[in-house]
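Chain by chain, the residues run as shown.
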Amino acid sequence: MMKQVQLSHGGGGEEMNRLIHDLFYKSFDNDILSSAEDAAVLKPKGAVAFTTDSFTVSPIFFKGGDIGKLAVAGTVNDLAMMGAKPLWLSSAFMIEEGLPFEELEQIVQSMAKELQKSGAKVVCGDTKVVPKGSVDKIFINTSGIGEVLVNGISAHNLEVGDAIIVSRDIGRHGAAIMMAREGIDLESDLKSDCETLWPAVEALIDAKVKIKAMRDATRGGLAAVLNEWAEASNICIEVEEEQLPVCDEVRGICEMLGFEPYDLANEGTFILAVDSADKEVALEALSKYSFCTDASVIGSVTDKKQGKVILQSSWGSNRFLELPKGELLPRIC
C-alpha cells in the first residue's frame with residue numbers, strides 16, 4: 001500500500017490510473033463518473049444553478065470537519081442558497097508531493113459521506129500532483145449544478161417589514177480554525193459548524209415559506225451578508241444584538257483575541273430573509289434539524305438608513321454594523 005502521494009500519481013500513467021480507480025472512483029461511485037469520459041453528459045430538467053469554489057483551509061483537519069467535508073458542503077450550500085437541489089459536482093485536487101496517502105483517503109471518504117446528505121454526485125474531476133512546497137498539502141476546487149426549485153431568491157428582493165433569521169449560533173468555524181491553528185487550548189469541545197444545509201432549505205421549501213433571500217455566512221460572517229443585502233436592496237436592516245445566538249466558547253475567544261462573532265466565518269450557518277408572516281413557520285421548519293436548533297429572528301428590514309445595517313444593543317444604543325475590514329483570519333476555507 002502506498003504511504004505518500006508521489007509526483008507519478010499525477011503523471012497520467014499506471015500510478016495515476018490506480019489512484020483514480022482505487023480511491024476516487026471507489027469513493028464517488030456512480031455511472032456517470034465511472035464511464036471515464038472527457039466530460040460528464042448531464043440532462044437537467046429545467047433551470048439550473050451553477051457555482052464554483054476553491055478550498056485551501058489550514059489546518060486541513062479541524063474539529064467538526066476537514067477540507068473534504070468543507071469542499072462538498074461549501075459548494076452544495078451555495079446551490080441551496082439559490083433554492084436549487086444539488087445534483088452534480090466536479091472535484092479537482094491539487095496535491096502536494098509527500099502528502100500521506102491515509103490523509104488523502106480520509107479526505108475523499110469525508111467528501112463521499114457528506115455527499116450522501118444532499119444526494120449530489122461527483123461526476124467529473126481532475127488530479128494534479130505538484131512538487132513539495134508548491135501548495136500547502138492539498139487544495140480542492142469543486143463546482144456544482146443544481147435544479148432550481150424556487151425561482152426569484154435574490155439579495156435584491158428585501159422589502160420593509162421582512163424578518164431576518166439566522167439558522168444557528170454564529171462564528172463557530174472561524175473560532176474553531178483559530179483554536180486549531182494557534183494551538184489555543186480552552187478545554188473546550190468547540191467544533192466548526194461545517195454542515196450541508198440542503199435538508200433544512202428543502203424543509204423551508206416544503207413548508208411553503210416565502211423566501212426572499214438566503215446566504216450562507218462564510219467569509220465575512222453575518223456582518224458581510226447583511227451589508228451586502230442592505231446595499232443590494234437599498235434598504236436598512238436593524239439587528240437586535242441580544243438576539244444573536246453566540247455560544248460561550250466563541251464569545252470567550254472573541255473577547256480574548258479582540259474579534260466580533262458577527263465578523264467570523266461560518267460554514268454551516270445561513271441567513272434567511274422572509275415575509276414577516278412566515279417567520280414562525282420558518283423557525284418551526286428549521287427546528288427539526290440539530291444544526292438549526294438555535295435558529296432565531298434577529299432583526300427586520302426598515303427604511304431608516306438605506307444601504308445600512310444598524311445594530312441595536314441591549315442598553316438601547318445603536319451603531320452601524322460595518323463590513324469587516326482587513327484580514328481577520330486567513331485560510332479559513
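Residues numbered from 1 in each chain as written. Predicted model: local features only at pLDDT ≥ 70, side-chain atom pairs only at ≥ 80, totals over all residues. Heavy atoms only, no water.

**Q** Explain the overall build of the chain to me, please; I cannot follow it from the model alone.
**A** A tally of regular secondary structure across the chain gives nine helices and 13 strands. Seen through its C-alpha atoms, the chain measures out along the principal axes to roughly 65 × 50 × 30 Å. When each of the 333 residues of the chain is scored for burial, the buried share is 52%. Summarising the internal contacts of the chain: among those between residues at least 6 apart in sequence, 86% fall at separations of at least 24. The averaged location of the 51 negative side-chain charges in the chain is 2 Å from the averaged location of its 32 positive side-chain charges. (Helix = DSSP H or I, 4+ residues; strand = E, 2+ residues; numbered from the N terminus. Buried < 20%, exposed > 50% of the residue type's maximum accessible area, 1.4 Å probe, protein only. Contact = heavy atoms within 4.5 Å. Lys, Arg positive; Asp, Glu negative; His and termini not counted. Charge placed at Lys NZ, Arg CZ, Asp CG, Glu CD.)

**Q** Is there a simple way to think about the packing of aromatic side chains in this case?
**A** Remark: the centre distance and the inter-plane angle together describe each pair of aromatic rings, the angle taken between the planes. All told, the structure shown has two aromatic pairs when counted by the stated rule. Between Tyr289 and Phe291, the aromatic rings sit 5.7 Å apart at their centres with planes inclined by 40°, giving tilted as the arrangement. Owing to a relative accessible area of 11%, Phe291 belongs among the buried residues under this scheme. (Phe/Tyr/Trp six-rings, centres within 6.5 Å; stacked < 30°, edge-to-face > 60°.)

**Q** Whenever I open this one, the nonpolar core confuses me. Can you help?
**A** Looking at soluble globular proteins, one finds that nonpolar side chains tend to be buried together. Counting residues in hydrophobic clusters, the biggest one holds 63 residues, and the most contacted among them are Phe28, Leu104, Ile138, Leu204 and Phe270. With sequence-adjacent residues up to four places away left out, Phe28 is seen in contact with Leu33, Phe93, Val108, Met111, Ala112, Leu115 and Val122. (Core = buried A, V, L, I, M, F, W, Y, C linked by side-chain atoms within 4.5 Å.)

**Q** I keep staring at the environment of Ala224 and nothing clicks. Help me out?
**A** Position of Ala224 among the secondary structure elements: in helix α7 (residues 221–233). Distance from Ala224 to Ala265, taken between C-alpha atoms, is 9.7 Å for residues 41 residues apart in sequence. Each residue touching Ala224, except ones within four places of it in the same chain, is listed here: Arg219, Leu323 and Pro324.

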